[in-house]
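Residues per chain, in single letters:
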Amino acid sequence: MKILVVGGGGREHAIIMKLAESPAHPEIFCAPGNGGIAKYAECFDVKATDIDGMVNLAQKIQPDWVFVAPDDPLVMGMVDVLQEKGFKTFGPKANAAIIEGSKIFSKNLMKKYGIPTGNYAVFDNSAEAIAYIQKQNCYPAVIKADGLALGKGVILAQNETEAIDAVHSMIDDRKFGESSAHIVIEEFLTGAEVSVLAFTDGKTVVPMISSMDHKRALDNDEGLNTGGMGTVAPNPYYTEEIAEECMKKIFLPTIQAMQKEGRTFTGCLYFGLMLTPNGAKVIEYNCRFGDPETQVVLPLLETDLLDIMQAIWEGKLAELPITWKKQSAACVILASGGYPVKYENGKEISGLNEQGQTEQALIYHAGTKYTDGKFYTAGGRVLGVTATGETLEKALQQAYSSAEKIQFDKMHYRHDIGKRALQANQG
Ligand code: AMP
Ligand code: GLY
């Protein structure tokens with residue numbers, strides 16, 4: 001059994017370490033991978049967005065599976081091309097990945113099928129967009145680029161000046177290229193945020209354990225938005241009652257809507273939810289596993305991930321029982337100084353063993369390089385230190401005590417991952 005995993009961050013490392021646990025003992029390959037992944041999978045220097053290069057690599061390796069993890073190759077149609085060449089794949093085709101690839105598509109889908117989400121309007125003309133914002137006169141104004149923008153396409157403008165700047169930079173200056181030629185202006189929602197990843201074969205949807213991301217760079221949710229500075233699972237705000245409501249009003253209706261549109265979604269669908277005073281609403285869909293949500297969700301999965309992939313491939317997900325450890329997990333991201341703006345690479349990392357791991361935690365490498373027996377930083381987010389435990393408190397203690405033993409020049413991390421979740425648990 002051979003598996004090729006496309007991608008090279010902490011999420012992919014978590015997927016690979018879970019696949020490595022499979023009783024099928026798969027031989028794992030990864031492109032492009034990173035220094036830590038290379039300890040578990042043979043890595044190839046092919047970019048995740050290089051569709052031709054990936055097809056060539058797959059033809060060379062002849063894997064039984066290709067697992068496409070990141071958003072851009074999915075939205076670009078890598079799965080479609082791989083399937084045409086006869087490969088078995090995990091991940092949605094392009095016509096379904098559009099649920100993340102176009103915010104206008106996803107908002108229109110939700111509107112058409114009555115799936116709860118914030119009110120919105122769509123613009124491709126900055127004067128009209130600004131007139132709309134001025135008429136609404138309601139801040140923060142939520143301004144989103146239609147297409148993919150490396151997780152930076154959402155601006156919460158605190159006042160008119162910021163909103164006007166955001167609109168001009170997106171539509172007129174094409175800050176995110178064609179991704180921001182069209183924008184969505186959306187109602188600002190309040191409440192607790194929850195990430196729910198779900199397996200789906202297009203008919204059945206099986207939510208995984210819920211999680212909570214921490215998107216801001218600094219403690220107390222200050223600083224800039226990042227790709228995510230840490231996660232905990234499960235998310236205490238996401239009660240069983242809310243889970244039932246979400247299944248009925250959001251998860252199933254979304255899967256069914258996609259099927260009705262002739263865009264059957266298979267793989268992992270990510271629901272970014274806001275638990276508002278008026279019920280759960282969708283903030284965003286992602287067509288893939290979240291990063292760093294995967295780093296706390298997959299360690300809690302008991303069922304063989306390969307069995308789940310196979311059940312999805314055969315359209316038989318309803319027949320497979322999927323079970324979870326009754327534990328909690330916490331992941332603390334160790335980032336380069338200056339991230340998410342400007343940072344330096346090539347800092348030597350100390351505190352890791354030969355495998356790039358530590359005794360007490362799972363170390364998921366996000367941006368590392370391995371040269372001459374040493375690990376070096378090679379990205380903004382460098383390592384995700386994950387621990388599991390009987391309680392969230394224990395998982396957090398373990399993750400933080402492991403994080404303290406790791407070091408590199410200008411390393412920084414948040415010291416309050418899980419703090420809100422602990423307060424919710426007590427409250
Ligand atoms: P996204 O890149 O879509 O994940 O959005 C980044 C973050 O912006 C989300 O995690 C939310 O915290 C925030 N956000 C996005 N849309 C809204 C909204 N309509 N109301 C309030 N916050 C939002
Ligand atoms: N953690 C958010 C995302 O993966 O988009």
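Okay, so let's go over this structure. On a predicted model such as this, the values are computed, not experimentally measured, just so you know.

**Thoughts on the sheet that holds strand E2 (residues 27-32)**
So, point 1. Pairing within the open sheet is parallel, and its five strands lie in the order E3-E2-E1-E4-E5. Single-partner strands in this sheet number two, and they are strand E3 (42-43) and strand E5 (89-90).
So, point 2. Note: strand E1 (residues 2-7) against strand E4 (residues 65-68), four bridges, orientation parallel. Counterpart to Leu4 in the pairing with E4 is Val66.
So, point 3. The strands touched by helix H2 (residues 51-61) within the sheet are E1 and E2, with E1 carrying the most contacts at an inclination of about 165 degrees.

**As for the site of ligand 2**
So, point 1. As a matter of local geometry, ligand 2 sits amid Asp213, Gly227, Tyr270, Asn286, Arg288, Gly290, Asp291, Pro292 and Glu293.
So, point 2. Asp291 places a polar main-chain atom, nitrogen or oxygen, 2.9 Å from an oxygen atom of ligand 2.
So, point 3. Notes on ligand 2: free accessible area 200 Å², of which the protein chains cover 89%.
So, point 4. Tallied by class, residues from the shell around ligand 2 come to two nonpolar, three polar and four charged.

**A short note on unusual backbone geometry**
Most peptide bonds take the trans form, and the phi angle of most residues other than glycine is negative.
So, point 1. Residue Pro32 follows Ala31 across a cis peptide bond; omega there is 0 degrees.
So, point 2. Residue placement: Pro32 occurs in strand E2.
So, point 3. Between Tyr339 and the following residue, Pro340, the backbone shows a cis peptide bond with an omega angle of 15 degrees.
So, point 4. The residue Pro340 is located in the loop between strand E18 (328-335) and strand E19 (362-365) in this model.

**With respect to the sheet that holds strand E17 (residues 279-286)**
So, point 1. The sheet built from four strands is open, its strands ordered E11-E10-E16-E17 with antiparallel pairing. Every interior strand has two partners, whereas the edge strands, strand E11 (205-207) and E17, have only one. The mean inter-strand angle of the sheet, taken between neighbouring strand axes irrespective of direction, is 35 degrees.

**Comments concerning the site of ligand 1**
So, point 1. Residues in close proximity to ligand 1 total 13 residues, the closest being Glu186, Glu187, Leu189, Glu193 and Glu284.
So, point 2. Glu284 has a polar side-chain atom sitting 2.7 Å from an oxygen atom of ligand 1.
So, point 3. Surface burial for ligand 1 is 90%, taken as the share of its 480 Å² of free accessible area covered by protein chains.
So, point 4. Secondary-structure elements contributing two or more residues to the shell around ligand 1 are strand E7 (141-145) and E17.

**Remarks on the side chain of Ser211**
So, point 1. Position of Ser211 relative to the elements: it lies in the loop between E11 and strand E12 (212-213).
So, point 2. Those residues in contact with Ser211 that sit more than four places away from it in its chain are Val194, Ser195, Val232, Ala233, Asn235, Glu293, Val296 and Val297.

**Observations concerning the packing of aromatic side chains**
So, point 1. Going through the model one piece at a time under the given rule, you end up with 12 aromatic pairs.
So, point 2. Seen in terms of ring centroids, Tyr400 and Tyr413 are 6.1 Å apart; in terms of plane orientation they differ by 40 degrees. Their pairing is tilted. Placement of Tyr400 in helix H12 (residues 392-403) and of Tyr413 in the loop between H12 and helix H13 (419-426) is noted, with a sequence separation of 13 residues between them. Assigned by exposure class, Tyr400 and Tyr413 land together as buried.
So, point 3. Taken together through their ring pairs, the aromatic side chains of Phe67, Phe90, Phe199 and Phe289 make up a single cluster.
So, point 4. The lysine or arginine in question, Lys39, covers the ring of Tyr370, its NZ or CZ lying 3.7 Å from the ring centre.

**Digging into the pattern of salt bridges**
So, point 1. Scanning the entire structure with this criterion turns up 16 salt bridges.
So, point 2. Linking Glu178 and Arg174 is a salt bridge whose minimum nitrogen-to-oxygen distance equals 3.1 Å.
So, point 3. For Glu178, a relative accessible area of 60% puts it in the exposed group.
So, point 4. In this structure, Arg414 engages Asp221 in a salt bridge whose closest nitrogen and oxygen atoms are separated by 3.1 Å. Of the two residues, Arg414 is situated in the loop between H12 and H13 and Asp221 in the loop between strand E13 (216-218) and strand E14 (222-225); the sequence distance between them amounts to 193 residues.
So, point 5. The class of Asp221 is partly exposed, set by a relative accessible area of 36%.

**Quick word on the nonpolar core**
So, point 1. Formed by 48 residues in total, the largest nonpolar core has its most connected members in Ile99, Ile250, Phe251, Phe271 and Leu273.
So, point 2. Considering each element in turn, this core owes the most residues, seven residues, to helix H9 (residues 240-260).
So, point 3. If we skip the residues at most four places from it in the chain, Ile250 touches Ile115, Pro116, Glu245, Phe271, Leu273, Ala280 and Val282.
So, point 4. Core analysis: the next-biggest nonpolar cluster, separate from the first, contains 39 residues, Ile15, Ile16, Ala233 and Ile333 among them.

**Quick word on the environment of Ile209**
So, point 1. Within the secondary structure layout, Ile209 lies in the loop between E11 and E12.
So, point 2. By relative accessible area, which is 16% here, Ile209 ends up buried.
So, point 3. Here the alpha-carbon distance between Ile209 and Arg381, two residues 172 residues apart in the chain, equals 24 Å.
So, point 4. Apart from residues lying up to four places away in sequence, Ile209 is in contact with Ala233, Pro234, Val297, Leu300, Trp324 and Lys325.

**Some remarks on the packing of helix H7 (residues 126-136) against helix H8 (residues 160-172)**
So, point 1. Running from N to C, H7 and H8 cross one another at 160 degrees; their axes reach a closest spacing of 10 Å. With respect to each other, H7 and H8 are oriented roughly antiparallel. H8 is crossed by H7, and the crossing has right-handed handedness. Counting all contacts with H7, which are made through Ser126, Ala129, Ile130, Ile133 and Gln134, the residues of H8 involved are Glu160, Ala163, Ile164, Val167, His168, Ile171 and Asp172.
So, point 2. Residue composition of the contact of H7 with H8, grouped by class: seven nonpolar, three polar and two charged.

The rules we used
Residues numbered from 1 in each chain as written. Chains lettered and ligands numbered in written order. Predicted model: local features only at pLDDT ≥ 70, side-chain atom pairs only at ≥ 80, totals over all residues. Heavy atoms only, no water. Pairing = 2+ DSSP bridges. Helix = DSSP H or I, 4+ residues; strand = E, 2+ residues; numbered from the N terminus. Contact = heavy atoms within 4.5 Å. Axes fitted to C-alpha atoms, helices over the stretch in contact; angles between N-to-C directions. Near = heavy atom within 4 Å. Polar contact = N/O pair within 3.5 Å; in protein donor to acceptor, adjacent residues only side chain to side chain. Areas by Shrake-Rupley, 256 points an atom, 1.4 Å probe, with all protein chains shown as cover. Nonpolar A, V, L, I, M, F, W, Y, C, P; charged D, E, K, R; others polar. Phe/Tyr/Trp six-rings, centres within 6.5 Å; stacked < 30°, edge-to-face > 60°. Buried < 20%, exposed > 50% of the residue type's maximum accessible area, 1.4 Å probe, protein only. Lys NZ or Arg CZ within 6 Å of the ring centre and 35° of its normal. Salt bridge = Lys/Arg side-chain N within 4 Å of Asp/Glu carboxyl O. Core = buried A, V, L, I, M, F, W, Y, C linked by side-chain atoms within 4.5 Å. Parallel < 35°, antiparallel > 145°, perpendicular 65-115°, else oblique. Left-handed = near helix turned anticlockwise from the far one by under 90°.

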